[in-house]
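# Architecture at a glance
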Amino acid sequence: MGTVLISKKTAANLFKESNTLLEELRSKGVKPGLAVILVGNNPASELYIKKKKIACDELSITFELLRFDEKVSQEKILQTIDKLNNKETINAILVQLPLPKNFDTPKILNTISPLKDVDGFTAFNLGLLNYEKEEIVSCTAQGIVRLLESTGTVIEGSNACIVNHSIVVGRPLSQLLLNRGATVTICHSKTTDLAMHTKNADILITAVGKPKLINGTMVKSGAIVIDAGIAKENGKTVGDVDFESVKDIASYITPVPGGIGPMTIACLVFNVAKLAMLHNSA
Ligand code: GUN
């Protein structure tokens, strides 16, 4: 059986690293602050936000949650972001995705100041990534690469396959892997033969939210399989990978829960600390 890649230790190390940065700020009398904008009451978003708040509380980061009914106007959200961009006590702004369908998500995300863009979703920060400048990088994408690197895996020269094409995971992750010398394939709902691509991957990452999307017949022997999918099946939280059929084929496999989730949260507090350092070094 391959190694089950639990992220607890790697996430805890990053928490410690973030806390060192935060202590430096505290010694200067600076208290970093994260503002989270939540529109509507998507249950998955509620759960993510709860975890983000616990992590911020643990590291004494001010956590300001701004909740809006899904009938709120887009203008109100844009005005709120504008105020937060100018608020001295807030270093980091996060708009929880997905937003309700009638919102112009790119417009909203790009109203966030790149200097407070904790998710790295603005065109500016995503653009920097294309220039191999990894300043503020998507928490899930960054968490996946940090966890991969913790295994000593050689990314350079590998074939990586990502099943997700969003700006939250797939697009920034493709850049991070490309920056490290991988040959990257991105699969999505229009991909005609998913297995053809996944079977060729030395590193396979999936983040779709479809239980059992990836089974043992779709995985190359010895591949590293990272499961960032989240769905509910019979009341249980599960990923995209049929764990039982893949675990003996993969060299490493992440569980759900306990795999990528804790890395995403650890990268969020790291990004808050990094932005607060930037904000206070000027
Ligand atoms: N929804 C799911 N994952 C994320 C994330 O990392 N950031 C934001 N803003 N929304 C999300």
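One can find the structure itself at the top, above this paragraph.
Now for a look at the structure at hand. (Residues numbered from 1 in each chain as written. Predicted model: local features only at pLDDT ≥ 70, side-chain atom pairs only at ≥ 80, totals over all residues. Heavy atoms only, no water.)

### A word on the packing of helix α1 (residues 8-27) against helix α10 (residues 260-279)
Under the convention used in this document: Axis lines are fitted to C-alpha atoms, over the contacting stretch for helices. Their N-to-C directions set the angle, which ranges from 0 to 180 degrees. Each helix is a run of H or I in the DSSP string that is no shorter than four residues. Each strand is a run of E no shorter than two, and both are numbered from the N terminus. Angles below 35 degrees are treated as roughly parallel, those above 145 as roughly antiparallel, those between 65 and 115 as roughly perpendicular, and all remaining angles as oblique. Take the far helix as your reference; a near helix turned counterclockwise from it by less than a right angle gives a left-handed crossing, and one turned clockwise gives a right-handed crossing. For this analysis, residues touch if any pair of their heavy atoms sits within 4.5 Å.
Where α1 meets α10, the axes come as close as 9 Å, and the angle between the chain directions of the two elements is 20°. By the angle between their directions, the pair α1 and α10 is classed as roughly parallel. The handedness of the crossing between α1 and α10 is left-handed. Contacts between α1 and α10 involve Thr10, Ala11, Leu14, Phe15, Glu17, Ser18, Leu21, Leu22, Glu24 and Leu25 from the former and Pro262, Met263, Ala266, Cys267, Val269, Phe270, Ala273, Ala276 and Met277 from the latter.

### Considering the environment of Ser166
Summarising the element assignment, Ser166 is placed in the loop between β5 (159-163) and α7 (170-179). Placed 42 residues apart in sequence, Ser166 and Val208 show a C-alpha to C-alpha distance of 9.8 Å. In contact with Ser166, other than residues within four places in its own chain, are Arg171 and Pro172.

### With respect to the site of the ligand
Rules: Nearness is judged by heavy atoms alone; a residue qualifies as near a molecule or strand once a single heavy atom is within 4 Å of it. Polar contacts, as counted here, are pairs of nitrogen or oxygen atoms within 3.5 Å of one another; within protein the pair requires one atom able to donate a hydrogen and one able to accept it, and residues that are adjacent in sequence qualify only if both atoms are side-chain atoms. Shrake-Rupley sampling with a 1.4 Å probe provides the accessible areas, and residues are treated as covered by the protein chains on show and by no other component. Three classes are used: nonpolar for Ala, Val, Leu, Ile, Met, Phe, Trp, Tyr, Cys and Pro, charged for Asp, Glu, Lys and Arg, and polar for all others, with Gly counted as polar.
Around the ligand sit Tyr48, Leu94, Val95, Gln96, Leu97, Asp119, Phe121 and Val168, and that is every residue in its neighbourhood. In the environment of the ligand, a nitrogen atom lies 2.8 Å from a nitrogen or oxygen atom belonging to the backbone of Val95. Gln96 is positioned such that a nitrogen or oxygen atom in its side chain is 3.2 Å from a nitrogen atom of the ligand. Taken by itself the ligand offers 270 Å² of open surface, and the protein chains cover 88% of this. Classifying every residue of the shell around the ligand gives six nonpolar, one polar and one charged.

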